[in-house]
Each structure stands twice: as structure tokens, then as C-alpha cells.
Amino acid sequence: MSETARWIFAIAVLLSVAIAWWRGRLSAGLQILFLIRWQAFLTISPILIALLSIKVPEMFGNLVILDPSHPCRESFYVAFVGFASAWMSLALVTIVLDRAQERFRVELEVPHWFWLCAGLLFTAPPLVLMWRVHRASANFRWLGFGGGFVAALLIVLVVDTIFHLLDPPPALTGRPVRRFAFAGSLYPFLVTNANPMGRVSKLIFRPLHLFDPGYLWPDQGPGAPADPGLVGLPYPEQSCPCRARAATTPSRSSRPRKARQ
């Protein structure tokens, strides 16, 4: 086994042991690792690229070398893709962990420290890649890096804000303010206590009951809300993409009309 393969194997083993430690059962840890396998690979891929560029430079060294003709643009792309992918991966992991019991019948109680440190844990891998690109490329531009970071932050912030707007208030769900890509506690009261979901949303997303459990608020079980009025409404992660699409699509009334002859 090559040294690179041993590194990959060691990281996979550490992830399995860490997840299994949450419940003290290896089976539950392996189940969760299987459910988030693509998110986990996307999260650690910047570290793998950095390691491979060091251990096998003749094959992977060019992955961390920027185009000298457009250094600022290349620095922007690396930072934007790295941070945006990491934060959206955290959002996807959050969905799996929140719905593990409903959708996958996996008994899981996520430790509180994970929700506190998740933002730092998922931001670290792209920072490692940025450090490696900075060391390998003489034409690395901090301006492009900063622009990519800010652009990724704004894009993910839009999606995350829509999620927290659609997530019912804690008084109705009986649960504390949740994390998606970013912690809900970072948002003002008007965002975390908004309740824009109504009967129309219940009708539009009613076909999701074919895929239940884990897509609509249930009327019983551990995921049942405190307010029965939420029963049948979609979870915010189901309606968030639709609302984001509607918010960025011009309505018919906003389009310019042709003047009558």
C-alpha cells in the first residue's frame, strides 16, 4: 500500500471512529458515515488535494499551481469553489443528521459540541488548500482570494437566510433554532421567528408524502411539532430551493410590456 493510500485509509478510519464515538456503537457510526459519504468526501477533498500535491507532485502538483496569465482570477475561483463547497456540504450534512431517525431509522443524538464547532470544522479544509496553493504558486493574489471568500459567503448566506426564514419559529416546532450552513443564532429575531409557510405551501408540496417520513412535518413521533398547524407542511430544506428560484425569477408583471399600437 502506497503512502498516499495509507493517508486516505487513516483519515477514513478516524472519521468512522469519531462518528461511532457519538453513540458508542460502531454500527451507528458506520451507518451515518455511509449516509454522508459524498458530503464527507467533498469536505475532505481539499485536504486530499493538498496532500497529493505534496506526496505525488509529478502527478498532482499542477492542481495547486495557478495560471500566471490570470493570477487574480484563478485565486478567486479557488477560494470561491473551496469555501462555497465546504459550507454547502455542511448544510447537506445537517439535513442528514437532523432527519436520520425519520428517514433512515438510525438512532442518533448529535453532540452539542458538533453544532458549536461545525462551522470551524468545515472551514478548515479549504483553508488548508489555500495555504498549499499559496506555497506552491508564486503568483497567488490575496485580492482574488478575498474576493472569492466574500462571494462564497454571500451566495451561501442567501440560501441559508431563505432556509431560516422558512423554518418555523421555535415556539411552533418545540425545538431550538437550528443550524443549516450557518447557525440560526446569528440571524435577527425577525428571520428566525418568521412563519411564511401556509396552506398554499401545504398543497404544493403535498406529493412529498409519497416519500415520507422525513419530508413533511409529521403528526406523531419524535419529529412531531408542538403546533399541530405545521403538520403536512414541508421541511424548510424541501421548499428552500423552490423559494430561491422564485425569488430570482422575474414575475410576469415586472417584465416590460409592449406598447399598444
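Residues numbered from 1 in each chain as written. Predicted model: local features only at pLDDT ≥ 70, side-chain atom pairs only at ≥ 80, totals over all residues. Heavy atoms only, no water.

Enquirer: Even after reading the chapter, I still don't get the packing of aromatic side chains, so can you show me in this structure?
Expert: Both the distance between ring centres and the angle between the ring planes are used here to describe each pair of aromatic rings. Throughout the structure, instances matching the rule amount to eleven aromatic pairs. Between the aromatic rings of phenylalanine 76 and phenylalanine 80, the centroid separation amounts to 6.1 Å while the plane-to-plane angle is 0°, which identifies the pairing as stacked. Here the residue phenylalanine 76 and the residue phenylalanine 80 both occupy positions in helix α5 (residues 71–98), the gap between them amounting to four residues, near one helical turn. Three or more aromatic residues link up through ring pairs in this structure, and these residues are Phe83, Trp87, Phe140, Trp142, Phe145, Phe149 and Phe182. (Phe/Tyr/Trp six-rings, centres within 6.5 Å; stacked < 30°, edge-to-face > 60°. Helix = DSSP H or I, 4+ residues; strand = E, 2+ residues; numbered from the N terminus.)

Enquirer: Sorry if this is basic, but what is going on with empty space enclosed by the protein here?
Expert: Sizing a probe to match a water molecule and rolling it over the atoms shows the empty space that remains. Applying the stated criterion across every chain, the model contains one cavity of 30 Å³ or more. By volume, the largest cavity is sized at about 100 Å³. Counted by class, the lining of the largest cavity contains five nonpolar, three polar and four charged residues. (1 Å grid on protein atoms, 1.4 Å probe; cavity = no way out; pocket = protein on both sides within 12 Å on 5 of 7 lines; lining within 4 Å. Points joined across faces, edges and corners; volume = space filled by probe spheres on them. Nonpolar A, V, L, I, M, F, W, Y, C, P; charged D, E, K, R; others polar.)

Enquirer: Which parts of the structure should I look at to understand the layout of surface pockets?
Expert: As a volume, the largest pocket reaches approximately 770 Å³. Lining the largest pocket are 22 residues, and of these Asp98, Trp115, Arg175, Pro176 and Arg178 lie nearest its centre. At the level of elements, α5, α6 (100–104) and α7 (112–136) are the ones that each hand at least two residues to the lining of the largest pocket. When grouped by side-chain class, the residues that make up the lining of the largest pocket number ten nonpolar, five polar and seven charged.

Enquirer: What is the right way to read the side chain of serine 75 from this model?
Expert: Mapped onto the elements of the fold, serine 75 is located in helix α5. According to the relative accessible area criterion, serine 75 is buried, its value standing at 1%. Polar side-chain contacts of serine 75 include one of 3.1 Å to the backbone nitrogen of arginine 141. Dropping the residues within four chain positions of it, serine 75 is found in contact with Leu66, Phe140, Arg141, Gly144 and Phe145. (Buried < 20%, exposed > 50% of the residue type's maximum accessible area, 1.4 Å probe, protein only. Polar contact = N/O pair within 3.5 Å; in protein donor to acceptor, adjacent residues only side chain to side chain. Contact = heavy atoms within 4.5 Å.)

Enquirer: I would appreciate a short explanation of the side chain of threonine 94 in the present structure.
Expert: Its location among the elements puts threonine 94 in helix α5. There is a polar contact of 3.3 Å between the side chain of threonine 94 and the backbone oxygen of phenylalanine 180. Not counting residues up to four positions away in its chain, the partners in contact with threonine 94 are Trp115, Arg179 and Phe180.

Enquirer: Even after reading the chapter, I still don't get the nonpolar core, so can you show me in this structure?
Expert: One broad trend across soluble globular proteins is that nonpolar side chains are buried collectively. In terms of nonpolar packing, the biggest core is built from 21 residues, with Phe83, Trp87, Met130, Val133, Phe145 and Val156 touching the most fellow members. Secondary structure elements with two or more residues in this core: α5, α7 and α8 (142–166). In terms of residue count, α5 provides more of this core than any other element does, six residues in total. Not counting the four nearest positions on each side in its chain, valine 133 is found in contact with Val64, Leu66, Val78 and Phe140. (Core = buried A, V, L, I, M, F, W, Y, C linked by side-chain atoms within 4.5 Å.)

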